[in-house]
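Working through the structure, step by step
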Number of protein chains: 2
Amino acid sequence: MDPTAPESTEDDVPWLTAQEQRLWRAHLEVSRLLTYQLERELQPFDLALNDYTILVELSEAPQRRMRMTDLATATLQSKSRLSHQITRMERAGLVAREGCPGDRRGLYAVLTQQGWETMRKVAPHHVRSVRHHFVDRLDEGQITEMYEALAPIAARLRELRGRG
Amino acid sequence: MDPTAPESTEDDVPWLTAQEQRLWRAHLEVSRLLTYQLERELQPFDLALNDYTILVELSEAPQRRMRMTDLATATLQSKSRLSHQITRMERAGLVAREGCPGDRRGLYAVLTQQGWETMRKVAPHHVRSVRHHFVDRLDEGQITEMYEALAPIAARLRELRGRG
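Residues numbered from 1 in each chain as written. Chains lettered and ligands numbered in written order. Predicted model: local features only at pLDDT ≥ 70, side-chain atom pairs only at ≥ 80, totals over all residues. Heavy atoms only, no water.

Side note on empty space enclosed by the protein
Following the criterion strictly, the structure yields 1 cavity of 30 Å³ or more and no others. Its boundaries defined by the atoms lining it, the largest cavity holds a volume of some 60 Å³. In this structure, the largest cavity is lined by Gln142, Glu145, Met146 and Ala149 of chain A together with Gln142, Glu145, Met146 and Ala149 of chain B. The set of elements that each furnish at least two residues to the lining of the largest cavity consists of helix 6 (140-163) of chain A together with helix 6 (140-163) of chain B. Across the lining of the largest cavity, the residue classes tally to 4 nonpolar, 2 polar and 2 charged. (1 Å grid on protein atoms, 1.4 Å probe; cavity = no way out; pocket = protein on both sides within 12 Å on 5 of 7 lines; lining within 4 Å. Points joined across faces, edges and corners; volume = space filled by probe spheres on them. Helix = DSSP H or I, 4+ residues; strand = E, 2+ residues; numbered from the N terminus. Nonpolar A, V, L, I, M, F, W, Y, C, P; charged D, E, K, R; others polar.)

Quick look at the structure:
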């Protein structure tokens, strides 16, 4: 951080070492720059990255529909933010909201035919972006090792989020 | 993606293998959930993650000031988005805008004394969060390997962004 910063924190959490700091900054950079680049490459299709994620989730769900609550959990969004997004996507004809007969609590998001076709059209381009900017830059060993390092971190954060 | 998706894309970019897909999803999850968690743990200090990043950048700069253009590049934001953020941070007393005598083009963001004190107060807590949710979950080998995998990806994306 800063050359004048103390050696350790108030309650003795040590500062990041040079190597830890380098990794942390690289992680932040990849995370932000990749989002930027993927958003950019989805722009010609009038989709944001979050829109694409929702199309994928719905396309993989039985009958291409998901309860709004489950979709919020799956896409790591708050219910209110998801609701705004679904409204925008509904206007674009990509999804529809549907109630469920016999389930008063149930409000579903359903992929429309147009949403399905959009997903099928965009997917190859998006996969190419993901390969080009990330996956194809890693060898097989790196892919396995990085997955093994990240999976438990993701699992723990998911659990924390669920509790919050 | 979807069980009915084709084996390869239009122009023969192959779909992600199961292992590639697992890594890609783990990366996205860690990226999103970590941002969420770090934001959450900065909330008691009335700071967003972007605010904290700017405090750190300025605190490391000579005379704790940076040209707005350079600060935008360093924090990977558009100039207009940075400008809005600096306005908010100015209102909170954390930074100030300053012109530069003899340099008509130069508009600087400067860390105030209050901004500096805020950074010093918050840093130990933020480092603890970063350790707790990410760095301390990795062993030394994983830290080195992940850095070596991510650094060239970050460098390339930075270059692409610069060109855009």
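Notes on the relation of the copies chain A and chain B
Note on the identical chains: chain A maps onto chain B by a rotation of 180° and an axial translation of 0.0 Å, with an RMSD of 0.0 Å. Each copy turns onto its partner about a two-fold axis. (Least-squares fit on C-alpha atoms with pLDDT ≥ 70 in both.)

As for the interface of chain A and chain B
Listed by partner, the interface residues are 71 residues for chain A and 71 residues for chain B. For the pairing of chain A and chain B, the buried interface totals around 7400 Å² over both sides, and the portion due to carbon and sulfur atoms is 67%. The tally of links between chain A and chain B comes to 13 residue pairs in polar contact (both at pLDDT 80 or more). Those elements that place two or more of their residues in the side of chain A that touches chain B are helix 1 (18-42), helix 2 (49-60), helix 5 (113-133) and helix 6 of chain A. Counting residues per element, the side of chain A that touches chain B draws most heavily on helix 1 of chain A, which supplies 18 residues. Broken down by class, the residue content of the side of chain A that touches chain B amounts to 35 nonpolar, 16 polar and 20 charged. (Contact = heavy atoms within 4.5 Å. Buried area = accessible area lost by both parts, 1.4 Å probe. Polar contact = N/O pair within 3.5 Å; in protein donor to acceptor, adjacent residues only side chain to side chain.)

Notes on the environment of Thr112 of chain B
Residue and element names in this part refer to chain B. Turning to its location among the elements, Thr112 is positioned in the loop between strand 3 (103-111) and helix 5 (113-133). Sequence spacing of Thr112 and Leu94 is 18 residues, and the spatial spacing of their C-alpha atoms is 5.6 Å. Ignoring any residue separated from it by four or fewer positions in sequence, one finds Thr112 in contact with Gly93, Leu94, Val95 and Ala96. A distance of 2.9 Å separates a polar side-chain atom of Thr112 from the backbone nitrogen of Gly115.

Section: the packing of aromatic side chains
A full pass over the atoms with the stated rule returns 2 aromatic pairs over all chains. Ring plane angle 55° and centroid distance 5.4 Å describe the contact between Trp24 of chain A and Phe134 of chain B, whose orientation is recorded as tilted. With Trp24 of chain A in helix 1 and Phe134 of chain B in the loop between helix 5 and helix 6, the pair connects residues from two separate chains. The class for Phe134 of chain B is buried, based on a relative accessible area of 0%. Over the ring of Tyr108 of chain A we find Arg65 of chain A; its NZ or CZ atom is 4.5 Å from the centre of that ring. A cation sits over an aromatic face here: Arg161 of chain B above Tyr36 of chain A, 3.7 Å from the ring centre. (Phe/Tyr/Trp six-rings, centres within 6.5 Å; stacked < 30°, edge-to-face > 60°. Buried < 20%, exposed > 50% of the residue type's maximum accessible area, 1.4 Å probe, protein only. Lys NZ or Arg CZ within 6 Å of the ring centre and 35° of its normal.)

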